Amino acid sequence: MDRNPSPPLRSREEEEEEAAAVGDCIGSTVYSKHWLFGVLTGLMQDVALFLHEFNVPDIFMGILAKSKCPRLREICVGILGNMACFQEICVSISSDKNLGQVLLYCLCDSDPPTLLETSRLLLTCLSQTEVAVVWVERIREHPAIYDSICFIMSSSTNVDLLVKVGEVVDKLFDLDEKLMLEWIRNGAVQPLDQPQEDSEQQPVFRIVPCVLEAAKQVRSENPEGLDVYMHILQLLTTVDDGIQAIVRCPDAGKDTWNLLFDLVCHEFCQSDDPPIILQEQKTVLASVFSVLSAIYASQAEQEYLKIGKVGLPLIDSLIRVLQNMKHCQKKPENSAESNTEETKKSDLTQGDFHLKILKDISCEFLSNIFQVLTKETVAQGLKEGQLSKRKCSCAFENLLPLYNPVVEDFLKILREVDKTLAGNLEESFPSLKVQT
C-alpha cells in the first residue's frame, strides 16, 4: 500500500520557532499571549471610559504592586496607556498619587515590554498640558528614575524601547530646564567618600555617554529615533552646563563630535542624494549642526577640532545643505492656490519654518569655520573642490549681508591664493569690491 512520504526533516530554525510558539501559548491552549495582549489593548480604544467607571485603574494598581508576572504587568500598563489617551481619564490617573508612584516604579522594571508600555504611558501623560507638571515633579522626586533611564539608554538593544525612552527624555527636557540641569549634574562628580569597590558595583551614569550609546543603537534602524536623540543633545547645548557635560570630558566630547561628524559627512545630504531629501532630514540636520557648532565654538583647541582636519568636509556638507535648501524652497509657478495668504501662512508654518531654522544654524556654523580658515586650508579647498566658484557663490549668497565682515576676511585670503576667482566673486557680489 502506498503511503504518504515522510515529511522532510525540520531545520533547527523551525524547531526554535515552534518552541517559541509553545512558550507564547496561554497555559495549555493554543492562544498566543501577544495576540491576547494586542486584542485587549485594541479593545481599550472603545471601552476605556466604561472601564474607568468601574475603577479599573485601581484594580490594575493592585496588580502592578503585587504581581510578579511580566506579561500581566505589561498588559495592565498597556491598557492604562490606552485609557490615558482620553483627556478625562489621563487627568484622573495623574491625580492619583499612589497609582503614579506604582507606575514610576514600573520604569525600574527589568522586562523590556513592560518598560516600553510604561514609557508610552508616561509620554502620553507628559503630552497633556493639564498634567505634565505633575509627572515632571514626580520624576524629579525619584532619583532612581534617572538611573533607570540611563541604564536603558546605555545597555538596551531594543530599538522600540530606546526610541520611546528617548521621546520621554526629550519631552522632559523640553518641558523643564531645571530637571534637565539636575540630570546633567547627576553623576558629574564621583562622591569622594565612596569606596572604589562600591563605584564598580554601582556605576555612575552620565547623561551624555548614555544618550550617545542609544543614538548609535537606533542610528541604522530608526531614523525618527535618531532625530529624537539628536534633539536631546541639542537641548543639552542650550545651557552652559550641558555644553560642559559634552566637552569637559575629552572622551565624551570626541565621541559626540565623531558620531555627528560622521553623520553629516557620510550619511545625511550626500552628493548623490536628490535635493528633496533635505525635507526629510531638515530637523535632524538642524540638531546635528547646532551641536557641532556648539562644540566647535567651545573647544577649538582640541586635536579632533583642528581646522585642517574638519573644516573642509564640514564646509562641503554645509554648502550642499544650503544648495539643496534653495531647491526645496522653490514655490510652484502659476498656482492660484499657492498665492492665497492662508496657504502661504500654512506653508511657512509646516515646512519653511524648519528650513529657516536649519539655514540660520548652517550659516552661523559656516561663518565660524570661515573665520579660522588659513591660506593653506583655502588652497587645499580649491584643489579638492570644496571651495569652487559655485560653492563659494552659494556660501556668499547665504552669508551676506549678516556675516559681511566674515566674507570680506575670507575674500582677502582668497585673493592671495586665487586672484582670478576672488575677482569673479567680487563681480558677482559688488558690495564686496575693494574700495579704492
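Residues numbered from 1 in each chain as written. Predicted model: local features only at pLDDT ≥ 70, side-chain atom pairs only at ≥ 80, totals over all residues. Heavy atoms only, no water.

A. A look at the overall build of the protein. What the protein contains, in helices and strands, is 23 helices and 0 strands. Put simply, the protein has 436 residues, and 47% of those count as buried. Taking all contacts inside the protein whose residues are at least 6 apart in sequence as the whole, residues at least 24 apart take part in 73%. If you sum the accessible surface of the protein, you get close to 23,200 Å²; carbon and sulfur atoms cover 53% of it. (Helix = DSSP H or I, 4+ residues; strand = E, 2+ residues; numbered from the N terminus. Buried < 20%, exposed > 50% of the residue type's maximum accessible area, 1.4 Å probe, protein only. Contact = heavy atoms within 4.5 Å. Areas by Shrake-Rupley, 256 points an atom, 1.4 Å probe, with all protein chains shown as cover.)

B. Local environment of the pattern of salt bridges. Inspection of the entire model under this criterion finds 18 salt bridges. Notably, a salt bridge pairs Asp-109 with Arg-73, separated by 3.1 Å at the nearest N-O pair. Of this pair, Asp-109 sits in the loop between α6 (97-106) and α7 (112-126) while Arg-73 sits in helix α4 (residues 70-83), placing them 36 residues apart in sequence. Accessibility expressed as a relative area gives 12% for Arg-73, which makes it buried. With a shortest N-O distance of 2.8 Å, Arg-320 and Asp-316 are connected by a salt bridge. Taken together, the residues span about one helical turn, with Arg-320 and Asp-316 both in helix α18 (residues 307-328) at a distance of 4 residues. (Salt bridge = Lys/Arg side-chain N within 4 Å of Asp/Glu carboxyl O.)

C. Just the environment of Leu-99, in detail. Along the chain, Leu-99 falls in helix α6. Leu-99 gets classed as buried once you look at its relative accessible area, which sits at 0%. Excluding residues that lie within four positions of it along the chain, Leu-99 makes contacts with Pro-57, Met-61, Leu-80 and Ile-93.

D. View of the packing of aromatic side chains. Counted according to the given criterion, the structure contains 10 aromatic pairs. One aromatic cluster is present, formed by Trp-257, Phe-261, Phe-289, Tyr-296 and Phe-365 through successive ring pairs. For the cation-ring pair, Arg-138 lies above Trp-135, with the distance from its terminal atom to the ring centre recorded as 4.9 Å. (Phe/Tyr/Trp six-rings, centres within 6.5 Å; stacked < 30°, edge-to-face > 60°. Lys NZ or Arg CZ within 6 Å of the ring centre and 35° of its normal.)

E. Examining unusual backbone geometry more closely. In this chain, Leu-400 is followed by Pro-401 through a cis amide linkage whose omega measures 0°. The backbone of Cys-269 shows a phi angle near 45°, a positive value even though the residue is not glycine. Topologically, Cys-269 is positioned in the loop between α16 (250-266) and α17 (277-298). For Cys-269, a relative accessible area of 2% puts it in the buried group.

F. Expanded view of the packing of helix α14 (residues 223-236) against α17. Where α14 meets α17, the closest approach of the two axes is 8 Å, and the angle between their N-to-C directions is 35°. Where α14 crosses over α17, the two elements pack in a sense that is left-handed. Along the contact surface, α14 presents Asp-227, Met-230, His-231, Leu-233 and Gln-234, while α17 presents Thr-283, Val-284, Ala-286, Ser-287, Val-288, Ser-290 and Val-291. Split by residue class, the contact of α14 with α17 holds 6 nonpolar, 5 polar and 1 charged. (Axes fitted to C-alpha atoms, helices over the stretch in contact; angles between N-to-C directions. Left-handed = near helix turned anticlockwise from the far one by under 90°. Nonpolar A, V, L, I, M, F, W, Y, C, P; charged D, E, K, R; others polar.)

G. Looking closely at the side chain of Thr-118. Summarising the element assignment, Thr-118 is placed in helix α7. A polar atom in the side chain of Thr-118 sits 2.7 Å from the backbone oxygen of Thr-114. If we ignore the near neighbours within four places in the chain, the residues touching Thr-118 are Val-77, Leu-103, Cys-106 and Leu-107. (Polar contact = N/O pair within 3.5 Å; in protein donor to acceptor, adjacent residues only side chain to side chain.)

H. Structural detail: helix α5 (residues 87-95). Buried within α5 are the following residues: Ile-89, Cys-90, Ile-93 and Ser-94. For α5, the buried positions fall inside an angular range of 130° around the axis, keeping them on one side. Exposed side chains of α5 directed beyond 90 degrees from the buried face belong to Glu-88 and Ser-95. (Arc of directions from axis to C-beta.)

I. Structural detail: the state of the cysteines. Counting across every chain of the model gives 0 disulfides. Of all cysteine sulfurs, the one in Cys-210 lies closest to Cys-150, which takes part in no disulfide; the gap is 4.1 Å. Given a relative accessible area of 0%, Cys-150 falls into the buried group. Cysteine Cys-394 is unpaired, with the sulfur of Cys-363 as its nearest cysteine sulfur at 8.7 Å. (Disulfide = S-S within 2.5 Å.)

J. Broad picture of the environment of Arg-71. Tracing the backbone shows Arg-71 in helix α4. Its relative accessible area of 21% is what places Arg-71 among the partly exposed residues. Polar contacts involving the side chain of Arg-71 include one to the side chain of Asp-111, which spans 2.5 Å.

K. The arrangement of helix α11 (residues 177-185) in detail. For α11, the complete set of buried residues consists of Leu-179, Met-180, Leu-181, Trp-183 and Ile-184. On the buried face of α11, the contacting elements are α8 (132-140), α9 (143-155), α10 (159-175), α13 (207-218), α14 and α15 (240-247). By the N-cap criterion, in which a side-chain oxygen at the helix start approaches the backbone nitrogen of a residue two or three places on, α11 is capped by Asp-176, the distance to Lys-178 being 3.2 Å. At the C-terminal side of α11, Gly-187 shows a positive phi close to 75°.

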